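# A closer look at the structure
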Amino acid sequence: MRDEVVTRMESEAETKHASPSILHPSSFILLLILPFLVPPSSLLLSSPADSPVQFVEIASQAGLAFRHENGASAEKLMPETFGSGVAWIDYDNDGWIDLFFPNGADLARSKASPGNALFRNLRNGKFANVTEKAGVAGRGLFATGAAVGDYDNDGFQDLFVTGYGGVQLLHNNGNGSFTDVSQKAGVTASGWSSSTGWLDYDRDGYLDLYVVRYLDYDIKNAPYCGFNRSGYRMYCDPQQFDGVPDLLFRNNHDGTFTDVSRQAGISNRSGKGLGVSLGDVDKDGLTDIFVTNDGIRNFLYRNKGDGTFGDVAYEACVGFDTHGKPMAGMGTEIADYDEDGNPDIFMTAFSREYNTLFRNLGKLIFEDVTATVGIESGFLTLAFGAKLFDYDNDGDLDIYATNGHVTDNVELYDGELSYRQKDLLYENTNGSFVDISSQSGPAFQVKHVGRGAAIGDFDNDGDLDIVVADCGGPPLLMRNDGGNRNNWIGIQARGKESNRFGIGAKVRVTSAGRTRLREINIAGSYLSSSDVRLFFGLGSETKAERVEIEWPSRKKQTLENVPARQILQLDESNAK
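In every chain, residue numbers begin from 1 and rise along the written sequence. Local features are withheld for residues below a pLDDT of 70 in this predicted model, meaning they are given only at 70 or higher, and side-chain atom pairs are given and counted only at 80 or more; totals for whole chains, interfaces and linings count all residues. Side-chain numbers come from the whole structure's heavy atoms, not from hydrogens or water.

## Let's talk about the pairing of strand 20 (residues 344–347)
Residues in a regular strand project their side chains so that they alternate between the two faces of the sheet. Basically, it comes down to this: Buried residues are those whose accessible area, probed at 1.4 Å on protein chains only, stays under 20% of the maximum for their type, while exposed residues exceed 50% and partly exposed ones sit between those limits. Strands here are runs of E lasting at least two residues and helices are runs of H or I lasting at least four, both read from the DSSP assignment and numbered beginning at the N terminus. By definition, two strands form a pair when at least two bridges between them are found by DSSP.
Going residue by residue along strand 20, you find Asp344 and Phe346 tucked away on one face and Ile345 and Met347 tucked away on the opposite face as well. Taken together, the four bridges between strand 19 (residues 332–335) and strand 20 define a ladder with antiparallel strand orientation. Directly across from Ile334, in strand 20, lies its bridge partner Ile345. Bridge count for strand 20 against strand 21 (residues 356–362) is three bridges, and the pairing is antiparallel. The residue of strand 21 that forms the bridge with Met347 is Thr356.

Structure follows, in structure tokens:
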């Protein structure tokens with residue numbers, strides 16, 4: 001079977017144009033070429049100064065009629081401020097990514113969740129609510145995170161949903177509907193789970209499941225926190241509660257899973273996990289796991305290749321900030337921002353803490369370069385979801401973070417802080433960053449309470465858009481206008497020996513003498529899952545000199561002189 005090129009015509013993308021004084025409460029958080037019909041003049045690179053990329057918030061006009069239920073109450077129950085995530089998923093395999101929103105519940109009033117929501121992409125810039133038909137509303141639990149992955153290799157992406165009080169595994173039936181197979185599959189978890197992700201940690205060709213868990217917290221015994229005066233009650237500091245261990249479920253290849261958390265070495269009871277990112281940080285061909293914890297050190301689980309992991313956070317220098325203090329870690333990403341071939345780690349943190357960038361020096365040693373790369377402007381924000389992606393297709397990875405405090409009355413305690421906040425966008429300039437939020441369009445002027453965030457090219461025009469799940473409010477769909485002025489190439493993998501969608505595969509794209517490395521790992525950010533397709537910006541280059549994919553099976557395949565502006569379908573059956 002030949003490698004095929006699937007292109008998305010731009011004509012189809014019609015719409016594109018504790019202690020209150022310190023204030024650290026619940027601190028979470030692919031050869032057939034069909035080139036694009038684009039006039040040659042549109043391929044010319046415009047300088048950012050002349051025509052900067054603009055992000056426009058279009059959720060309402062796109063038909064995303066959804067509102068997150070956080071159940072905000074006078075009791076200040078901690079799940080109320082936790083928020084939920086969001087997931088891009090092409091559930092019907094039509095080549096256009098759809099949207100799934102987990103939803104919360106009103107715990108204080110014992111009201112069930114109004115239900116999760118699935119919106120089908122209509123291919124015209126709009127979405128239609130297909131929740132009822134798809135059967136994904138859920139069981140009334142306070143749902144938090146969502147992970148997308150094809151665990152049975154049938155070619156259809158399934159959904160795993162975390163939450164407060166339980167989890168849910170939704171099998172994609174391939175006919176537009178899903179079936180809850182949680183009990184049948186043996187994937188159950190009590191308590192409070194947060195971020196989650198699919199990975200093939202043992203490289204057997206089937207996806208396994210990692211589940212981050214947060215606190216041992218009972219809403220029936222919620223203490224009072226904050227000053228004892230009217231209006232001053234606040235959400236409690238997580239330090240008041242015990243942590244709970246994360247979970248790892250190994251895929252048995254028959255639709256069921258086995259909990260191998262303890263024997264795998266990831267069952268740390270001190271964990272108060274919020275975010276998880278997956279990637280091969282030591283370049284040994286095995287997927288490693290980085291977990292951000294709230295108020296205690298981070299975990300970096302190195303995959304030993306024998307079914308077990310070892311926590312190397314201390315020796316790798318990623319457990320604490322540059323001052324040796326644990327952070328209130330929220331979201332996280334693993335990506336090679338400086339193009340040296342070593343995957344780096346980014347994490348978001350609490351207000352009056354810095355969002356942190358750990359540069360991978362090789363040999364499992366990282367350096368905290370936060371203070372020297374230009375990302376300090378996030379000091380007073382409280383960031384959750386974050387993505388490293390090439391928003392302007394100039395070839396390098398930029399940084400995006402969505403913000404919003406956890407304390408809705410934070411101004412009473414600190415006049416410099418606010419509950420609703422604007423998001424941040426940093427432009428990568430040769431390995432350093434410049435805050436360009438204020439010049440990146442109206443979407444970056446919206447004050448909101450951001451939690452989960454994910455990226456994907458929903459309109460198939462070649463530039464990446466952003467979706468944000470707000471806590472207690474409607475989502476934001478931030479359309480990227482102008483990022484496709486630069487050239488680009490997309491990668492979609494189809495595994496054979498490896499898992500069906502190539503999760504964990506490494507892709508290297510060379511153009512203009514530069515080689516960029518990315519991994520197909522859609523987990524990360526906070527409680528969210530992004531587009532399974534990889535996108536590489538090529539700047540003004542009209543082709544990629546070389547595209548190479550290394551599959552989890554360790555087979556490789558290479559293509560040369562690949563024209564830009566197409567989605568490249570790479571099939572492992574052609575690899576050697």
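## Regarding the state of the cysteines
Threshold: When the sulfur atoms of two cysteines come within 2.5 Å, that pair is taken as a disulfide.
Applying the stated criterion across every chain, the model contains one disulfide. Disulfide pairing places Cys225 opposite Cys236 at an S-S distance of 2.0 Å. Between Cys225 and Cys236, the S-S torsion sits near 100°, and that sign places the bridge as right-handed. On the criterion of sequence distance, the pair formed by Cys225 in the loop between strand 12 (208–213) and strand 13 (247–251) and Cys236 in the loop between strand 12 and strand 13 is long-range, its members being 11 residues apart. Since its relative accessible area comes to 4%, Cys225 is described here as buried. For Cys236, a relative accessible area of 2% puts it in the buried group. Free cysteine Cys471: the closest other cysteine sulfur is in Cys236, separated by 16 Å.

## Concerning the side chain of Gln492
We apply this condition: Contacts are assigned to residue pairs that have any heavy atoms within 4.5 Å of one another.
Topologically, Gln492 is positioned in strand 30 (residues 487–494). Residues in contact with Gln492, not counting those within four places in the same chain, are Val532, Arg533, Ile567, Leu568, Gln569 and Leu570.

## Examining the nonpolar core
What counts here: Among buried residues, those of type Ala, Val, Leu, Ile, Met, Phe, Trp, Tyr and Cys that are joined through side-chain atoms within 4.5 Å constitute a nonpolar core.
Of all hydrophobic cores here, the largest spans 55 residues; its most connected members are Phe100, Leu118, Phe160, Leu169, Phe178, Trp198 and Val547. A per-element tally of this core places strand 7 (residues 142–149) first, with four residues. When near neighbours in sequence (up to four residues on either side) are disregarded, Leu118 contacts Ile89, Tyr91, Leu99, Phe100, Ala128, Asn129, Val130, Thr131, Ala134, Val136 and Phe178.

## Digging into the packing of aromatic side chains
Put simply, the rule is: Working definition: rings of Phe, Tyr and Trp (its six-membered ring) pair if their centres are within 6.5 Å, and the pair is stacked with planes under 30 degrees apart, edge-to-face with planes over 60 apart, and tilted otherwise. A ring is considered to have a charge above it if a Lys NZ or an Arg CZ atom is located within 6 Å of its centre and within 35 degrees of its normal.
Inspection of every chain in the model, using the stated rule, returns 28 aromatic pairs. Look at Phe82 and Trp192: their rings are 4.9 Å apart centre to centre, the planes differ by 55°, and that puts the pair in the tilted class. In this pair, Phe82 sits in the loop between strand 2 (54–57) and strand 3 (87–89) while Trp192 sits in the loop between helix 2 (182–185) and strand 11 (193–199), placing the two residues 110 residues apart along the sequence. Neither residue differs from the other here; Phe82 and Trp192 are each classed as buried. A ring pair is formed by Tyr201 and Phe309, whose centres lie 5.7 Å apart and whose planes are at 45°; its orientation type is tilted. With Tyr201 in the loop between strand 11 and strand 12 and Phe309 in strand 18 (residues 309–311), this residue pair connects regions lying 108 residues apart in the sequence. Taken together through their ring pairs, the aromatic side chains of Phe82, Tyr164, Trp192, Tyr214, Tyr217, Phe241, Phe384 and Tyr526 make up a single cluster. The ring of Tyr232 is capped by Arg229, whose NZ or CZ atom sits 4.8 Å from the centre of that ring. The ring of Phe384 has Arg451 sitting right over it, with the charged end atom 4.2 Å from the ring centre.

## Description of the environment of Gly473
Here Gly473 lies in the loop between strand 28 (465–470) and strand 29 (476–481). Taking the relative accessible area as the measure of exposure, Gly473 reaches 7% and is therefore buried. For the pair Gly473 and Tyr337, spaced 136 residues apart in sequence, the C-alpha separation works out to 32 Å. Setting aside anything within four residues of it in sequence, one finds Gly473 in contact with Arg67 and His68.

## Let's talk about the domain arrangement of the chain
Let me state the cut-off plainly: A domain assignment, automatic or from a database, supplies the domain bounds used here. By buried area we mean how much accessible surface two parts lose on assembly, using a 1.4 Å probe and totalling the loss over both.
According to the domain assignment, the chain contains domain 1 (57–487) and domain 2 (490–574). Distance between the C-alpha centres of domain 1 and domain 2: 22 Å. With 71 residues of domain 1 at the contact, the number on the domain 2 side is 38 residues. Around 3900 Å² of area is buried between domain 1 and domain 2 when both sides are counted, 47% of it from carbon and sulfur atoms. Considering only the surface of domain 1 that becomes buried against domain 2, Arg203, Glu339 and Asn487 emerge as the three largest contributors, covering 16% of it.

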